[in-house]
Protein chains: 2
Amino acid sequence: MSQHKNITILKIGGSVITDKSSDIGKVQIEEIERICQEISGYSNDLIIVHGAGSYGHPLAKKYDLDNIPDPKGAIITHSSVKSLNEIMVSSLQKAGIDAVSVHPLNNTVSNDGRISDMFLSNIHIMLENGLVPVIHGDVVMDITNTFSVISGDQIVSYLANKLKASRVGIGSIEDGVMDNKGKTLTKITSSNFKEIEKFLGVSKNTDVTGGMLGKVNELLQLCEITGATSYIFNAKKPNNISYFLSGHNIGTAIKK
Amino acid sequence: MSQHKNITILKIGGSVITDKSSDIGKVQIEEIERICQEISGYSNDLIIVHGAGSYGHPLAKKYDLDNIPDPKGAIITHSSVKSLNEIMVSSLQKAGIDAVSVHPLNNTVSNDGRISDMFLSNIHIMLENGLVPVIHGDVVMDITNTFSVISGDQIVSYLANKLKASRVGIGSIEDGVMDNKGKTLTKITSSNFKEIEKFLGVSKNTDVTGGMLGKVNELLQLCEITGATSYIFNAKKPNNISYFLSGHNIGTAIKK
């Protein structure tokens, strides 16, 4: 199977496309439609990963999925995030993109909360033929714990690593990673991470899957392994996604 | 990973759960609800595979998916069969079954129309934990032809083989395989198949995935490889599914 050297992975945060303060799934459809328009001009190999937002986190907490292997709770949570994915995919299709849902419960297995295996043969063929796989944070079957909650960020890191992605963009609701004075950091490397980690730990954006600290950790690990540079940027600001997709540096770069 | 020696695979034909004469997806919801009730008492390892019926075949023909690698047509057909699967899964859940959708586009790759790889690690864990995977005829990514249409029957045969299923039931709209006088055959073996093949070729039940001849062929191949016995029976007749699930012989046996 051919290697795809120019794969871009774009993550859209759950807080960008849903109202994350809601305790039931509440979509931000105007944001989704704007984002789909920004993506529609892009013609290179692309994988979209989106967070679960209010379609996932409140249910994952309610059923305590990280601790209790409850099939009913897992099924309800999966159905909910799947319905957000379907809104996303159908909006992408309306914008002219050949988007295809890929649900992690169907193609991924984890071991104690970390992805241990993901089926990728179909994703390779999708990319070779101009299709855009759209993957999301989900509940997956776990070898140790029956179920685990897998964040979009972990999926991004896993895929970027396995598929040797050339660019990774993390579209969040902030301009990037901020220092303790609220100023956006231009770059994070393994050298300055220890210093930055201190104030990331008290970030307001903490959720069931680890918030900003979780994101930075995933991306630093990716960088250590593949050397890939990732960007955390504000996907709420119009044109930032198309700016990232057209090859520009944006937000905070996580790099070597 | 532990082997599941007592897996039952139950196929529900597309003609049982949809109006197959319709050229748009038309579900037979009362049939689905009755079937879910019949399954609800069953507590051993179970995989349900269902056909696409009018949610799949008219679209697969319209877009000529077997010959033209058209992403739009493939996406529309996949979305349609996925919506039938969701009706099926939600009805199973209402009947108290911990059913989980597994979409072949997400976990399967074919080579020139034959399944060459299917992700099974998650299905193993589902079965170990009492979940019931519900899989369906679908469009999948194909190594040679970009897309191919994979029948529920081919999925049954593949899974039965890989998972060493102990019982396979094919619930169709006929009492079994009929001879040329309209009498149901008790059994088909590789010895009497040549004789039977002649009149199966003119069966009215021919569809895009091969009809009754296709079914028998898949099951004979399975039998050759694993020795498993399969039963083709009438799933329209109330209580036949629960009769099969409770371990009885029914309809036409495909065996050594």
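Quick caveat, the model's predicted, so the values are computed rather than measured.

**Some details on the interface of chain A and chain B**
Between chain A and chain B, the contact holds 32 residues from the first and 32 residues from the second. At the boundary of chain A with chain B, total buried surface from both sides reaches about 2,700 Å², with 62% on carbon and sulfur atoms. For the pair chain A and chain B, the interface holds four salt bridges. The salt bridge partner of Asp98 of chain A is Lys72 of chain B, with a shortest N-O separation of 2.7 Å. Secondary structure elements with two or more residues in the side of chain A that touches chain B: α4 (71-94), β3 (99-102), α5 (104-107), β4 (108-111), β5 (114-118), α6 (121-128), β7 (138-142) and β8 (146-150) of chain A. Broken down by element, the residue count for the side of chain A that touches chain B peaks at six residues, all from α4 of chain A. Its residues assigned to classes, the side of chain A that touches chain B shows 15 nonpolar, eleven polar and six charged.

**Thoughts on the confidence of the model for chain A**
All names here are of chain A. Per-chain confidence: chain A averages 92 in pLDDT, with 94% of residues scoring 70 or above. Here residues 202-207 is modelled with pLDDT under 50, and outside its nearest four sequence neighbours on either side it reaches eight contacts, counting other chains as well. Across the interface, the model reports ipTM at 0.92; the global pTM reads 0.93.

**As for the UniProt feature "binding site: ATP" (unreviewed entry) in chain A**
All names here are of chain A. UniProt tags Lys11, Ile12, Gly13, Gly14, Ser15, Gly53, Gly211 and Lys215 as "binding site: ATP" (unreviewed entry). With respect to the secondary-structure elements, Gly211 resides in helix α9 (residues 211-226). Taking relative accessible area as the criterion, Gly211 reaches 5% and is therefore assigned buried. With respect to the helices and strands, Lys215 occurs in helix α9. Discounting residues that sit within four places of it in the chain, Lys215 has contacts with Lys11, Asp153, Ile170 and Ile232.

**What about the relation of the copies chain A and chain B?**
For the pair of chain copies, the relating operation is a rotation around an axis with a shift along it. Here chain A sits on chain B after a turn of 180° about the axis and a move of 0.0 Å along it, with an RMSD of 0.0 Å. Seen this way, the second copy is the image of the first under a two-fold rotation axis. For chain A, the residue whose C-alpha comes nearest the rotation axis is Asn107 of chain A, separated from it by 2.6 Å. Take the interface residues of chain A: 100% of them recur as interface residues in chain B, which is what a same-surface contact looks like.

**Things to note about the pattern of salt bridges**
The final tally for this structure, using the stated rule, is 22 salt bridges over all chains. The structure contains a network of salt bridges with shared partners spanning Glu31, Arg34, Glu38 and Lys236 of chain A.

**Quick look at the pairing of strand β7 (residues 138-142) of chain B**
All names here are of chain B. The buried count for β7 comes to five of five residues, which makes it a mostly enclosed element. Across two bridges, strand β4 (residues 108-111) lies against β7 in parallel orientation. The residue bridging Ser110 from the neighbouring strand is Asp142, located in β7. Inspection of the sheet shows β7 paired to strand β8 (residues 146-150) by five bridges, in the antiparallel sense. Note that in β8 the partner of Met141 across the bridge is Phe147.

**With respect to the UniProt feature "binding site: substrate" (unreviewed entry) in chain A**
All names here are of chain A. Residues given the UniProt feature "binding site: substrate" (unreviewed entry) here are Ala52, His57 and Gly152. For the annotated residues, spread through 101 residues, the largest C-alpha to C-alpha distance comes to 11.9 Å, consistent with a single compact locus. With respect to the helices and strands, Ala52 occurs in the loop between β2 (46-50) and α3 (57-62). In contact with Ala52, other than residues within four places in its own chain, are Gly14, Thr18, His57, Val81, Leu84 and Gly137. Inspection of the secondary structure puts His57 in helix α3. By relative accessible area, which is 11% here, His57 ends up buried.

**Examining the sheet that holds β8 of chain B**
Residue and element names in this part refer to chain B. Across the sheet, four strands lie side by side as β5-β4-β7-β8; this open sheet has mixed pairing. Strand pairing shows two members of the sheet lacking a second neighbour, β5 (114-118) and β8, which therefore form its edges. On average, each strand axis in the sheet is inclined to that of its neighbour by 45°, with strand direction left out of account. Sheet analysis places β4 next to β5, joined by four bridges and oriented antiparallel. What sits directly across from Ser110, in β5, is Ile115.

Rules of the game
Counting restarts for each chain, with residues numbered from 1 along the sequence as it is written. Chain letters start at A and ligand numbers start at 1, both assigned in the order the entries are written. Given that this is a predicted model, residues contribute local features only at a pLDDT of at least 70 and side-chain atom pairs are listed and counted only at 80 or more, while totals for whole chains, interfaces and linings are drawn from all residues. Calculation of side-chain values draws on the structure's entire complement of heavy atoms; hydrogens and water are dropped beforehand. Only heavy atoms matter for contacts: two residues are in contact if any of them lie within 4.5 Å across the pair. Joining two parts hides part of their accessible area as seen by a 1.4 Å probe, and the buried area is that hidden amount summed over both. Any carboxyl oxygen of Asp or Glu that lies within 4 Å of a side-chain nitrogen of Lys or Arg is treated as forming a salt bridge with it. Helix and strand definitions follow DSSP, with helices as H or I runs of at least four residues and strands as E runs of at least two, each counted in order from the N terminus. Any residue outside Ala, Val, Leu, Ile, Met, Phe, Trp, Tyr, Cys, Pro, Asp, Glu, Lys and Arg is labelled polar, Gly included; the first ten of those are nonpolar and the last four are charged. For every residue, the pLDDT score states the predictor's confidence, bounded by 0 at the bottom and 100 at the top. UniProt positions are given in the numbering used here, feature names are shortened, and annotations may be inferred rather than shown by experiment. Buried residues are those whose accessible area, probed at 1.4 Å on protein chains only, stays under 20% of the maximum for their type, while exposed residues exceed 50% and partly exposed ones sit between those limits. The copies were overlaid with a least-squares fit restricted to C-alpha atoms from residues scoring a pLDDT of at least 70 in each copy. Two strands form a pair only when DSSP identifies at least two bridges running between them. Axes here mean lines fitted to C-alpha atoms, for a helix over just the part in contact, with angles spanning 0 to 180 degrees between N-to-C directions.

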